[in-house]
2 protein chains.
Amino acid sequence: MNSQYEKLMRHVEKTEAIKAALTLFGWDTETLAPPAAVEFTSRVMGTLSSCYREAVMEDEVKELIAALCEHKDLSAGQAAVVRKMKKERENLEKIPPKEYREFCELQARATTVWAKVKRQGDYESFAPVLEKILDYCRRFAGYRKKEGQSLYDAMLDEYEESFTKEVLDPFFASLKKEIVPLLKQVTKKNGTIDRGPLHASFDVNRQKEFNRYLAGYLGFDAQRGVMAESEHPFTTSLHNHDVRITNHYYENRLDSAIFSVIHEAGHGIYEMNVDDALTLTPAGGGASCGMHESQSRLMENMIGRSPAFWTPLYPKLKETFPDQLSDVTLDSFVRMINKAEPGLIRTQADELTYCLHVMIRYEIEKELIDGDLGVKELPQVWNRKYEEYLGIRPQNDTEGVLQDVHWSQGSIGYFPSYALGNAFAAQICHAMEQEIDVEGALLKGEMSVITDWLREKVHRFGQMKTSRELLRDITGEDFNPRYYLDYLIRKYTKVYAL
Amino acid sequence: MNSQYEKLMRHVEKTEAIKAALTLFGWDTETLAPPAAVEFTSRVMGTLSSCYREAVMEDEVKELIAALCEHKDLSAGQAAVVRKMKKERENLEKIPPKEYREFCELQARATTVWAKVKRQGDYESFAPVLEKILDYCRRFAGYRKKEGQSLYDAMLDEYEESFTKEVLDPFFASLKKEIVPLLKQVTKKNGTIDRGPLHASFDVNRQKEFNRYLAGYLGFDAQRGVMAESEHPFTTSLHNHDVRITNHYYENRLDSAIFSVIHEAGHGIYEMNVDDALTLTPAGGGASCGMHESQSRLMENMIGRSPAFWTPLYPKLKETFPDQLSDVTLDSFVRMINKAEPGLIRTQADELTYCLHVMIRYEIEKELIDGDLGVKELPQVWNRKYEEYLGIRPQNDTEGVLQDVHWSQGSIGYFPSYALGNAFAAQICHAMEQEIDVEGALLKGEMSVITDWLREKVHRFGQMKTSRELLRDITGEDFNPRYYLDYLIRKYTKVYAL
């Protein structure tokens, strides 16, 4: 067995090296690369994607996987690597190499096209590109889908195994039923929280200094990670010893960079904590998009917006900005960072409205892929839904349908994992609070009590377990969105004294 | 022919994409990557180097090259691509794949080892690593070398075709004969130039701002290039639309970053100006290390340290640092930046002593490879030569034998190209001055007059011509170091009124 596994690892070494190169090109494009490079970088990335495909598709890989699947004495990590490699092969096998390569190039270019049309609010120029992207997505999902499966379900399954429309429809229905009315109640009382002090002028260099401190405080290891800047904050990882997060600083929005760094550090720490046995293997990342998002949202919201978290930290923030925060008590600071308010931009949304932004995208994707919604009608449908669920209407497509990068990358079916992440986080957080004194640890500034628990229960497994398996092992039950709904209702009833 | 060339290009696309990935990993490691990543990044780079090797060595490449070498109707660019690919194959063919890969990994790791021992001045820990590196270099040169050729000549030939010991020995002998005594004369009069004002305190952010302006002024195109920071300034290029330079800022050394940016922009503009027909082909970079260095040194010294260059620019610098430079006239500023003084560090050396630093390394390399100098004795020999040629002796190995990264990268035979670069620059500059009014253009701030001429005569050809061919076509004669010697003697006689 061992010699077969070692042989497979020689192939894995190659596929992972090419994947790391692609990740690095992606990071570099977002953070630093000169504008004129894009066209050529897209070609390079297209070529590397083909190399990756070739490496996964080598005949010996197939034979080794077939042989290794028969073995019963693989370690959990080894079994995960074989399983992931098998799945990757099966997926790629179904896509004609030429189409795969064309799509990878289109994808690399489309992000830049999107950034430009977003700046200009020019949806009309973007529509034909999106049409092409959707066409590839539909074709690829068609190649992959199981007998009788809908196209959109095949897409959803890519991002969150087994979380198909059958699970998501009732999940979003309950959100709509319980959160939309809760938001209405909250909105009525919104005059009671003034976020004005967070919009004073905050020197960007001092913000950077505080946020660097904050990342370290949370446990983001500077030996194995770096921080940079980009238009939208994101996390990427070459492997668990090279994890990268970005931020974006606004002089007049103190909390923006703070909660971005907490969020991205949540992702980053997950990556860093994956067991070293999985480093540079296809099982080396987080379990799924949703589980990844659960770790960032747990950190950002359940931990990062709690009074206990800020008790030891707030003095440091006041010290950094003495003039701006002198009159702001810890108590009112915590109320400010928990204000809920309908807004147009998902990435700036508070905890309560966030899932409604996701719901809108879910409904649109479903109609785009399995229904008969056309690309041309997208802006109108988008704006109508915002009016209906959030009570506000985008004035242009920059703050409307063009706001997210995801569709330009061909990530259709990805958005729901953002909402699932919140629900996973609430369910996991509930279990964590049964086992350790979360509030006590936060008050004492002992973040490691929490991150150690998360490493033990979630992070270290990488992709050895699926999200569903993790949830069951940690909480003793299957996915249960009730924890999330209860958490939101309890929290906002308290913040707004409803 | 065309279909065969297109077939070859499909292979070239792959080898160039992998090479671009390796370049990006190299850049990233020097500028940003977290410390703990190195070990894994080395493995990834080792794997990618193997992929590169495999791609170059594919059977079809050999057949296509053989067929295309017979064709007489290839364009100059196509012929250059075929020639470079042929040479690359022949070189790699001779090196056993396993050794090649091991060397690439060792090389990727050794740079970090070097950086650490340099910080600590710990040559003893570095010696065994250097021994291993040298061992690979010797073996590889042994595989490559022609009948009767010495090992060191085979190494030299890698960096600067046809510039073997037979050319370099008399070149360095004339430098020793004419420059060592000139330096002695200069040193006697060194009290006449006070560089004190350049060592005042200069805010690093304002330095960055000025140097960014300076890069643009020189013609470094921000659409196709980026600037970052690293321990030592360097230039790298993914292709001619993605060229990257770094700088290093010292609060108390105003001229350090200024001349670094002029130097690196010289390299960068060369890369940017290579004909687009060669983009992402093996003939896409500069003609040779020496020719590359000629373009950076021409910009840094012949242009960048001239009174005419600073006439329109100096007011801007004074404006940036009004307090520090208020009493410094243009005239005395130009004298300061041309002061020559024996020092220990090559990268900080002035124009006059620079080639002596290179000469020391040439003499040592020759003895290490073709003579019987041992790695253990390196520090002693190094220090003795500094005493002899420059009249000063390093106090420790950090400022002595450990100062350069090159040997840790296995670049043996590379240093001489630095000195050749200066000599090429003087010869090319002499020709340029016959054809265009260089001084007039500088006085008017019309840098493009100069960069256009350089693009036309040097840059655009990429690797379509060798250094020797370029020199002959531009200057009408073969390599002639007399221009360089005359330039130095004329210049320093004037600066010091000898």
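All values derive from a computational prediction rather than experimental measurement.

(A) Fine view of the state of the cysteines. Tallied over the entire structure, the rule returns zero disulfides over all chains. In this structure Cys429 of chain A is a free cysteine whose sulfur lies 16 Å from that of Cys355 of chain A, the closest cysteine sulfur available. A residue is classified by how much of its surface remains accessible, and Cys429 of chain A, at 5% relative accessible area, is buried. With no disulfide of its own, Cys289 of chain B has Cys137 of chain B as its nearest cysteine by sulfur position, at a separation of 14 Å. For Cys289 of chain B, a relative accessible area of 22% corresponds to the partly exposed category.

(B) View of the packing of aromatic side chains. Enumeration according to the criterion identifies 56 aromatic pairs over all chains in this entry. Consider the rings of Trp310 of chain B and Phe333 of chain B, whose centres lie 5.0 Å apart with planes at 80°: the pair is edge-to-face. Of this pair, Trp310 of chain B sits in helix H12 (residues 307-320) while Phe333 of chain B is found in helix H14 (residues 330-336), placing the two residues 23 residues apart along the sequence. Here the aromatic residues Tyr159, Tyr354, Trp382, Tyr386, Trp407, Tyr414, Phe415 and Tyr418 of chain A are joined through ring pairs into a cluster of three or more. The side chain of Lys465 of chain A reaches across the aromatic face of Phe461 of chain A, ending 3.9 Å from its centre. Against the face of Phe163 of chain B rests Arg468 of chain B, its NZ or CZ located 4.4 Å from the ring centre.

(C) Summary view of the interface of chain B and chain A. Across the boundary between the two partners, chain B contributes 37 residues, which contact 37 residues of chain A. A buried area of about 3100 Å², summed over both sides, lies between chain B and chain A, and 70% of it is on carbon and sulfur atoms. Looking at the side of chain B facing chain A, the largest losses of area belong to Leu32, Pro34 and Phe40 of chain B, adding up to 16% of the total buried there. The interface formed by chain B and chain A holds six salt bridges in total. A salt bridge links Arg101 of chain B to Glu13 of chain A; the nearest nitrogen and oxygen atoms lie 3.7 Å apart. Taken together, the connections running from chain B to chain A amount to six residue pairs in polar contact (both at pLDDT 80 or more). Contributing elements (two or more residues each) for the side of chain B that touches chain A: helix H1 (2-31), helix H2 (38-56), strand E1 (225-229), strand E2 (235-239) and strand E3 (242-247) of chain B. With ten residues, the top contributor of residues to the side of chain B that touches chain A is H1 of chain B. Split by residue class, the side of chain B that touches chain A holds 21 nonpolar, seven polar and nine charged.

(D) Representation of the sheet that holds E1 of chain B in the model. All names here are of chain B. Strand order in the open sheet made by the three strands is E1-E3-E2, with mixed pairing throughout. Each edge of the open sheet carries a strand with a single partner, namely E1 and E2. Within this sheet the neighbouring strands show an average axis-to-axis angle of 20°, counted without direction. Relative to E3, E1 runs parallel, the two being bridged by five bridges. Within the sheet, the bridge partner assigned to Val226 lies in E3 and is Arg244. Where H1 meets the sheet, its contacts fall on E1, E2 and E3, and the angle it forms with E2 comes to roughly 150°.

(E) Representation of the pattern of salt bridges in the model. Applying the stated rule across the entire model yields 74 salt bridges over all chains. Glu93 of chain A serves as the salt-bridge partner of Arg89 of chain A, at 3.5 Å between the closest nitrogen and oxygen. Taken together, the positions of Arg89 of chain A and Glu93 of chain A, both in helix H4 (residues 76-94) and four residues apart, correspond to about one turn of that helix. Where Asp221 of chain B meets Arg224 of chain B, a salt bridge forms, and the shortest distance between an N and an O atom there is 3.6 Å. Here the residues in one salt-bridge network are Glu13 of chain A together with Arg101, Glu105 and Arg109 of chain B, joined through shared partners.

(F) Region of the structure containing the nonpolar core. Counting 346 residues, the largest nonpolar core has Phe309 and Trp310 of chain A together with Phe309 and Trp310 of chain B as its most contacted members. Excluding residues within four positions of it along the chain, Trp310 of chain A makes contact with Phe210, Ile258, Phe259, Gly304, Pro315, Leu317, Leu330, Phe333, Val334 and Ile337 of chain A.

(G) Representation of the pairing of E3 of chain B. Residues and elements named next belong to chain B. Of all six residues that make up E3, six are buried, and the element is covered over most of its length. Residue alternation in E3 divides its side chains into two sets, Asp242, Arg244 and Thr246 and Val243, Ile245 and Asn247, and both sets are buried. The sheet contact formed by E2 and E3 spans four bridges and is antiparallel. Residue pairing across strands places Thr235 opposite Ile245, the latter belonging to E3. As consecutive antiparallel partners, E2 and E3 are separated by two residues.

(H) Just the packing of helix H11 (residues 289-303) of chain A against helix H17 (residues 416-435) of chain A, in detail. All names here are of chain A. Relative orientation of the contacting elements H11 and H17 amounts to 60°, with a least axis distance of 7 Å. Remark: the crossing between H11 and H17 carries right-handed chirality. Contact residues: Cys289, Gly290, Met291, Glu293, Ser294, Gln295, Arg297, Leu298, Asn301, Met302 and Ile303 in H11; Ser417, Tyr418, Gly421, Asn422, Phe424, Ala425, Ala426, Ile428, Cys429 and Met432 in H17. Classifying every residue of the contact of H11 with H17 by side-chain character gives twelve nonpolar, seven polar and two charged.

(I) Inspection of the relation of the copies chain B and chain A at higher detail. Superposing chain B onto chain A requires a rotation of 180° together with a translation of 0.0 Å along the rotation axis, leaving an RMSD of 0.0 Å. Each copy turns onto its partner about a two-fold axis. Minimal C-alpha separation from the rotation axis in chain B is found for Ala21 of chain B, amounting to 2.9 Å. The residues that chain B uses at the interface reappear at the interface of chain A in 100% of cases, marking a shared surface.

(J) View of the sheet that holds strand E1 (residues 225-229) of chain A. Residue and element names in this part refer to chain A. Taken in spatial order, the three strands of this open sheet run E1-E3-E2, and their pairing is mixed. Lying at the two open borders of the sheet, with one neighbouring strand each, are E1 and strand E2 (235-239). For this sheet, the mean inter-axis angle between neighbouring strands, taken without regard to orientation, is 20°.

Calculation rules
- Residues numbered from 1 in each chain as written.
- Chains lettered and ligands numbered in written order.
- Predicted model: local features only at pLDDT ≥ 70, side-chain atom pairs only at ≥ 80, totals over all residues.
- Heavy atoms only, no water.
- Disulfide = S-S within 2.5 Å.
- Buried < 20%, exposed > 50% of the residue type's maximum accessible area, 1.4 Å probe, protein only.
- Phe/Tyr/Trp six-rings, centres within 6.5 Å; stacked < 30°, edge-to-face > 60°.
- Helix = DSSP H or I, 4+ residues; strand = E, 2+ residues; numbered from the N terminus.
- Lys NZ or Arg CZ within 6 Å of the ring centre and 35° of its normal.
- Contact = heavy atoms within 4.5 Å.
- Buried area = accessible area lost by both parts, 1.4 Å probe.
- Salt bridge = Lys/Arg side-chain N within 4 Å of Asp/Glu carboxyl O.
- Polar contact = N/O pair within 3.5 Å; in protein donor to acceptor, adjacent residues only side chain to side chain.
- Nonpolar A, V, L, I, M, F, W, Y, C, P; charged D, E, K, R; others polar.
- Pairing = 2+ DSSP bridges.
- Axes fitted to C-alpha atoms, helices over the stretch in contact; angles between N-to-C directions.
- Core = buried A, V, L, I, M, F, W, Y, C linked by side-chain atoms within 4.5 Å.
- Left-handed = near helix turned anticlockwise from the far one by under 90°.
- Least-squares fit on C-alpha atoms with pLDDT ≥ 70 in both.

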